[in-house]
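What follows is the residue order along each chain.
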Amino acid sequence: MIAEIGHFAVLLAFAIALVQSVIPLIGAQKNWSGWMRLGDSAALSQFVLVAISFGALTYSFVVSDFSLQLVAGNSHSAKPMLYKITGVWGNHEGSMLLWILILVFYGALVALFGRNLPAALKARVLAVQSMISTAFLAFLIFTSNPFTRLANPPLDGNDLNPLLQDPGLAFHPPFLYLGYVGLSMSFSFAVAALIEGRVDAAWARWVRPWTLLAWITLSIGIGLGSWWAYYELGWGGWWFWDPVENASFMPWLIAAALLHSAVVVEKRDALKAWTILLAILAFSFSLIGTFIVRSGVITSVHAFANDPERGVFILAILTIAIGGALTLFAARAGQMRTNAVFSVFSRESGLILNNLLLVVATAVVFFGTIWPLIAELTSGRKLSVGAPFFETAFTPFMVVLCLALPIGAILPWKRAVIATSFKHLRGALALSVALGVLVWSLQTGGRMLAPFGLALAAWLVLGAILDLLLRARYTAGTPSETLRRLRKLPRSDWGKAVAHAGLGFLVFGIAAITAWEQEDIRTVGIGDRFALGQYEFVFNGVEKTNGPNYSAQTARVTAYRNGAKIGEMFPEKRFYPVQNMPTTEAAIHSNLFRDVYISLGEDRDGQVWAMHTYIKPFIAWIWIGTIVMALGGCLSLTDRRYRIASAARPKRAITPQPAQ
Amino acid sequence: MMLRTLIFILCIVATPVFAVLPDEVLDDPILETRARALSKELRCLVCRNENIDSSNAGIARDLRLLVRERLVAGDSDTETLDFIVDRYGEYVLLKPRFTARNAILYLAGPMTLLIGVGFCVFYIRRRTPAVKNSDRLTHAEVKRLSELLDD
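A. Spotlight on the overall build of chain B. Across its full length, chain B holds 6 helices and 0 strands. Secondary structure elements of chain B, listed N to C terminal, follow the sequence α-α-α-α-α-α. Residues classed as buried in chain B amount to 34% of the 151 residues present.

Quick look at the structure:
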């Protein structure tokens, strides 16, 4: 019964979504306020209905209602409660429902908090947003119904894939979807602006917080996914250049570009058409990502045949959304003229360079991801594009971006004097190069990666500090005055510097782990001692343990650094009987300077075990960097200006009521 | 999306073995380093976008052993890769070779950059406030202006 309520609720939501896609749009065109206002209540009811539906599905998982096909296929009565709940989105249908829930959640947010948006813009945004939810609700209802009943319910379920039985599943997909789907807001605002034919600084100020929110959550989602793979997959990789990862990385890159170009629209009223195009592109990449993940077409060309219906359906949504938006763009972009002038050396040009490099990097990722498909379709060749390709083809553009970033960040708007800007940067440049030389002279191997990577990271972090100091006019007045001015800087200035420093931390982590990782592979017996770098390990044997729905072999390894004990580590091998699947649970001893990472392999006659040990220097900084970047985004998001901007335009927000 | 990655990476694994096994490791550390580097360029044929160095599949182990066999036999890195590509096809390489047929893949980035730079230069130059001759006042205009100002 509960499941039927859930099913009915999505059907009802679909009907409302259809209405909301049309009525507010007509209302905005004809300036009928009642029709426009319908968008608000429709958006709220869509959210309530999808939430009910999601609640019903969650309930079915919690009580293990195996008469539902989805629950029977993906859950088990012995599974811990946390994984019963997170298991709701650990499968295609449930995750699609979560996707839609977040989509309509954003719609409801606009309805609730968009009170100061001009009525027509708001109505159009809600209508466009609803077109997207119509399409995806149809996709859910007609191809991926989560509420299908079984005529003969099994006694127990098939359980969830053991790799997904991890707290990572609780946070990673929701954050990722908040980001992915959040870009639909930028898309809706862009399409609404195209319909209205007006893009101004106010529009940019409205669209920026939404893009920022999407970018922040996408950063967190990607970071969480990377961390999860790091500790779960058993060999400590943190990025795989897998098509599915690329699918989330491309919208992130474009969203980053969009954030920067929206600044130019807001401050200088330039780059308007380009910003609209980026907003469309960002969500297009989200849709392409959804297509890549759900159809299986790229990961394995044959998977398309397994589920042609779903793939074709998303392809249709993709084509209509992207095609429609781009057609509208082609028709209207010409109207967006600007009178802004700026010189070649200016903040504007710096931001254009940022956009250029991010878009080119996205193009590299995009072509790399779809190349196997193109090659097979055009010439029947089967080939692979993996990490070694991306490392070669993608990295140079990012390096140039990082080199240019601190320069672009301190250039003034309109026109910069090169000599002045360079004078400010001299110190940061000298310090970074000095650090690089120091690292080069200290390290034993001849690789240039570490010295260069560390110098680049320092350049970014010092550049961010310098940016703040310049904003606080540190050259004028005493240090205490500078400090006072620093404290008074708008949050968006802090956000910018913090996010840029976060990128520096990320670069530092990547360079350090790539250059300095140490690894040891061996078989160990009880009581064996072995050394790796400054560390020494004693293997104390393996014990059999039992979890709620798995059995495990847990090893105990004592780790020492320069003779001093740093702790006991418990790498584990689990076996999940329902899915008949083994997993490895690495033991990780983590701090800011290094991770010690041990994973346990197979045993031979219960006497010796294979063991993989890694020392991963500074790897935590990869995730620290990501979090700091997201934190920078949050600081910008709380900037007073965006709150004022949303409240300071009451005059234009009131639409004249038509005489009736 | 990582959850799908996770599902796929391990669900194809038939036999639970353990990436590079201790008995595979070569005694010569230099050869072993080369073998590890080559292993990262080669794809596990039954996995989803995973290299043989980190794959648990049986066929990945076979390939790892084959790489080491060739290196011990005295092959260079290129010869080893050629040997394996001859047997398993281009599919096994994670980084496609830079050939005419793969040109688009490798040139996508640089070409986009070139086109983009072209657009940017065009755009920025149009936005640049150049002091053109037409903007300067002509002799007659200067004269007229001073007359007006004198009035």
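And the narrative resumes.
B. Broad picture of the interface of chain B and chain A. On the chain A side, the residues contacting the 47 residues of chain B number 63 residues. Residue assignment for the side of chain B that touches chain A shows that the elements contributing at least two residues are α1 (2-11) and α5 (103-127) of chain B. Here the side of chain B that touches chain A takes 11 residues from α5(B), the largest share from any one element. For the side of chain B that touches chain A, the class distribution of residues is 29 nonpolar, 9 polar and 9 charged.

C. Region of the structure containing the domain arrangement of chain A. As far as domains go, chain A holds domain 1 (1-150), domain 2 (171-407), domain 3 (408-511 + 624-629) and domain 4 (518-620). The gap between the C-alpha centroids of domain 1 of chain A and domain 4 of chain A is 44 Å.

D. View of the nonpolar core. Residue and element names in this part refer to chain A. By size, the foremost hydrophobic cluster in this structure holds 220 residues, and its most contacted members are Ile100, Ala255 and Leu460. Sort the elements by how many residues they give to this core and helix α8 (residues 201-232) lands first, with 17 residues. Not counting residues within four places of it along the chain, the set of residues in contact with alanine 255 comprises Leu183, Thr211, Ala214, Trp215, Leu218 and Ala282. Ranked by size, the runner-up nonpolar core spans 16 residues in total, among them Tyr597, Leu600, Ala610 and Met611.

E. Region of the structure containing the packing of α8(A) against helix α19 (residues 620-637) of chain A. All names here are of chain A. In the contact formed by α8 and α19, the axes pass within 9 Å of each other and the chain directions differ by 165°. By the angle class used here, α8 and α19 are roughly antiparallel. Crossing angle aside, the handedness with which α8 passes α19 is left-handed. Taking contact as the criterion, the partners of Pro209, Leu212, Leu213, Trp215, Ile216, Ser219, Ile220, Gly223 and Trp227 in α8 are, on α19, Trp623, Thr626, Ile627, Met629, Ala630, Gly633, Cys634, Ser636 and Leu637. Along the lines of polarity and charge, the residues of the contact of α8 with α19 split into 13 nonpolar, 5 polar and no charged.

F. Structural context of the confidence of the model for chain B. All names here are of chain B. In the predicted model, chain B carries a mean pLDDT of 80, and the fraction of residues at 70 or more is 82%. Ranking the elements of chain B by mean pLDDT puts α1 last, at 45, and helix α4 (residues 77-88) first, at 93. Here residues 1-17 scores under 50 on pLDDT; set against residues more than four positions off or in separate chains, the count is 55 contacts.

G. Expanded view of the packing of helix α7 (residues 168-196) of chain A against helix α10 (residues 272-295) of chain A. All names here are of chain A. The N-to-C vectors of α7 and α10 enclose an angle of 140°; their axes lie 8 Å apart at closest approach. Classed by the angle they form, the pair α7 and α10 counts as oblique. Seen from above, α7 lies across α10 with left-handed handedness. Contact with α7, carried on its side by Tyr180, Leu183, Ser184, Ser186, Phe187, Phe189, Ala190, Ala193 and Leu194, involves Ile276, Ala279, Ile280, Ala282, Phe283, Ser286 and Gly289 of α10 and no other residues of that element. Tallied by class, residues from the contact of α7 with α10 come to 12 nonpolar, 4 polar and no charged.

H. Here's a closer look at the sheet that holds strand β8 (residues 587-590) of chain A. Residue and element names in this part refer to chain A. Here we have 4 strands laid out as an open sheet, ordered β1-β10-β9-β8, and antiparallel in their pairing. Edge positions in the sheet fall to β1 (518-525) and β8, since each has one partner strand and no second. Sheet twist, expressed as the average angle between the axes of neighbouring strands with direction ignored, equals 15°. In terms of strand pairing, β8 meets strand β9 (residues 594-604) through 4 bridges, oriented antiparallel. Residue pairing for β9: histidine 589 is matched across the bridge by valine 596.

Thresholds applied
- Residues numbered from 1 in each chain as written.
- Chains lettered and ligands numbered in written order.
- Predicted model: local features only at pLDDT ≥ 70, side-chain atom pairs only at ≥ 80, totals over all residues.
- Helix = DSSP H or I, 4+ residues; strand = E, 2+ residues; numbered from the N terminus.
- Buried ≥ 20, exposed ≤ 12 C-beta atoms within 10 Å, placed from the backbone.
- Contact = placed C-beta atoms within 7 Å.
- Nonpolar A, V, L, I, M, F, W, Y, C, P; charged D, E, K, R; others polar.
- Domains from an automatic or database assignment.
- Core = buried A, V, L, I, M, F, W, Y, C linked by C-beta atoms within 7 Å.
- Axes fitted to C-alpha atoms, helices over the stretch in contact; angles between N-to-C directions.
- Parallel < 35°, antiparallel > 145°, perpendicular 65-115°, else oblique.
- Left-handed = near helix turned anticlockwise from the far one by under 90°.
- pLDDT = per-residue confidence, 0-100.
- Pairing = 2+ DSSP bridges.

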